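Descriptive structure summary
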Amino acid sequence: MTAGTISASTPTVSALRIAVIGTTFSFVWSSAFIAGKIGMASSGPLTLLSLRFLLAGAILTVLGRWLGPKVPLVLRDRQALLTALAAGLLTNAVYLGLTYTGMQTVPAGLTAILVSTNPLLTSSLASAWLKETFGWRGVLGLAAGFVGVIWIMGGRATSVPADAAGVILILVGTIALAASTLLNRRVVGRLDPWNIALIQLPASGLALLPIAWWHEGLAISPNAAFFGSLLYQATIVSIGTTLMLLWLVRHGGTARASSFHLLNPVFGTLLAVGLLGEAIPATDLFGMVPIVAGLALVLRPGR
């Protein structure tokens, strides 16, 4: 199987099913920024992430006995294993490590908006590297969504200022996320999603553990909010979004899968306002219109 192709056994799924799973993925992904803000009130960002991924790996191992794949992990396919490992480290250790660190000085709603710039980069790389065809409707949809994101960011720059260093960390992390999506595309047809998650999550926790100990001393303030945030992020967010993203990449391609990050400003802003009491500029509401319209075009790309 060549890069950028799906195995012949991959079933064709409807655009509606992709839309439902993709929208759910975006909602859960956006909620992680809110849960992260709550958890970081009681621990450092890297400590929270390390514990989150280690707990997710432990839960996957236990559940795997009943819910895991029937296909055994093929250890001989070293290239696929290493690619899956690299993708997981880029997503969890690099992207989330930088994003959570930056989120200490950047509002959660704005963080979701910044991450939603990912589809434009991912689709461009997928077209150049994986030779994925996206169609003019897909390109137009991404452009419309990106215009909405830029509009929202422009309004945020004047109404809700954020720390420049934090914004840069989040944007660099978003580049790592785009690269990881491309790598995941290369392995979803060769390894079962459950096995990929079982490789990526605990490895990311172990990679962040010494860094968290060095920078933060692994210090936490144990309380109900911290443990609730940790459990939610380990189960619903880490396990849920990993499996949903791998499914989307396999059945929809990297560009279409990443396009659901365009919904992050919608869900991220609404959740930040409702749960954290963050202010919502009027520009956010206007910017959501081209984002939703653009996503509708992305889900119906020309062939």
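Residues numbered from 1 in each chain as written. Predicted model: local features only at pLDDT ≥ 70, side-chain atom pairs only at ≥ 80, totals over all residues. Heavy atoms only, no water.

A word on the overall build of the protein chain
For the protein chain, the count of helices and strands is 12 helices and 0 strands. Counting from the amino terminus, the protein chain carries its helices and strands in the arrangement α-α-α-α-α-α-α-α-α-α-α-α. Summed over its atoms, the accessible surface of the protein chain is roughly 13,100 Å², and 71% of this surface lies on carbon and sulfur atoms. (Helix = DSSP H or I, 4+ residues; strand = E, 2+ residues; numbered from the N terminus. Areas by Shrake-Rupley, 256 points an atom, 1.4 Å probe, with all protein chains shown as cover.)

Points about helix 9 (residues 224-252)
End to end, helix 9 covers 39 Å across 29 residues, agreeing with the expected 42 Å (1.5 Å per residue, within 8%). Roughly 35° is the biggest bend found in helix 9, and it falls at Gln 233. Following helix 9 by one or two positions, Gly 253 adopts a phi angle in the positive range, close to 90°. (Expected span 1.5 Å × (residues − 1). Bend = angle between axes of the 7 residues up to and from the residue.)

Considerations on the packing of helix 7 (residues 164-187) against helix 9
Look at helix 7 against helix 9: their axes get within 9 Å of each other, and the N-to-C directions meet at 65°. On the basis of the axis angle, helix 7 is roughly perpendicular to helix 9. Once helix 7 is placed against helix 9, the crossing between them reads as right-handed. On the side of helix 7, the interface is formed by Thr 181, Asn 184 and Arg 185, while helix 9 contributes Leu 246, Val 249 and Arg 250. Here the residues of the contact of helix 7 with helix 9 sort into 2 nonpolar, 2 polar and 2 charged. (Axes fitted to C-alpha atoms, helices over the stretch in contact; angles between N-to-C directions. Parallel < 35°, antiparallel > 145°, perpendicular 65-115°, else oblique. Left-handed = near helix turned anticlockwise from the far one by under 90°. Contact = heavy atoms within 4.5 Å. Nonpolar A, V, L, I, M, F, W, Y, C, P; charged D, E, K, R; others polar.)

Brief notes about unusual backbone geometry
The backbone phi angle of Leu 218 is positive, close to 55°, even though this residue is not glycine. Here Leu 218 shows up in the loop between helix 8 (193-216) and helix 9. Classification of Leu 218 as partly exposed rests on a relative accessible area of 33%. (Buried < 20%, exposed > 50% of the residue type's maximum accessible area, 1.4 Å probe, protein only.)

Here's the deal with the confidence of the model for the protein chain
Any segment with low pLDDT has predicted coordinates that should not be analysed in fine detail. With 79% of its residues at a pLDDT of at least 70, the protein chain reaches an overall mean of 79. Within the protein chain, no element has a lower average pLDDT than helix 5 (residues 118-129), which sits at 68, and none a higher one than helix 8, at 92. Under a pLDDT of 50 for its full length, residues 1-9 has, in the predicted model, 13 contacts with residues more than four places off or in other chains. (pLDDT = per-residue confidence, 0-100.)

Let's talk about the packing of aromatic side chains
On inspection of all chains with the given rule, the structure shows 4 aromatic pairs. For the ring pair Phe 25 and Trp 29, a centre distance of 5.2 Å and an interplane angle of 50° mean the geometry is tilted. With Phe 25 and Trp 29 both in helix 1 (residues 15-39), this residue pair falls 4 residues apart, about one helical turn. Like Trp 29, Phe 25 is buried. For the pair Trp 29 and Tyr 95, a centre-to-centre distance of 5.8 Å together with 25° between the ring planes defines the contact as stacked. Residue Trp 29 is found in helix 1, and its partner Tyr 95 is found in helix 3 (residues 78-102); the two are separated by 66 residues along the sequence. Note on Trp 29: relative accessible area 9%, which makes it buried. Connected via pairs of aromatic rings, a cluster forms that spans Phe 25, Trp 29 and Tyr 95. (Phe/Tyr/Trp six-rings, centres within 6.5 Å; stacked < 30°, edge-to-face > 60°.)

Some points on helix 3
Along its 25 residues, helix 3 runs 34 Å from first to last C-alpha, staying within 8% of the 36 Å computed at 1.5 Å per residue. Roughly 30° is the biggest bend found in helix 3, and it falls at Leu 96.

Considerations on the nonpolar core
Grouped burial of nonpolar side chains is what soluble globular proteins tend to show. Residues Tyr 95 and Tyr 100 are the most contacted members of the largest nonpolar core, which totals 61 residues. Of all the elements, helix 9 adds the most residues to this core, at 11 residues. (Core = buried A, V, L, I, M, F, W, Y, C linked by side-chain atoms within 4.5 Å.)

Section: the packing of helix 8 against helix 9
Contact pair helix 8 / helix 9: the axes reach a minimum separation of 10 Å and the direction vectors enclose 130°. Taken together, the axes of helix 8 and helix 9 lie oblique to each other. Regarding helix 8 and helix 9, the two cross each other, and that crossing is right-handed. Facing helix 8, whose interface residues are Pro 193, Trp 194, Ile 196, Ala 197, Gln 200 and Leu 201, helix 9 presents Ser 238, Ile 239, Thr 242, Leu 243 and Leu 246.

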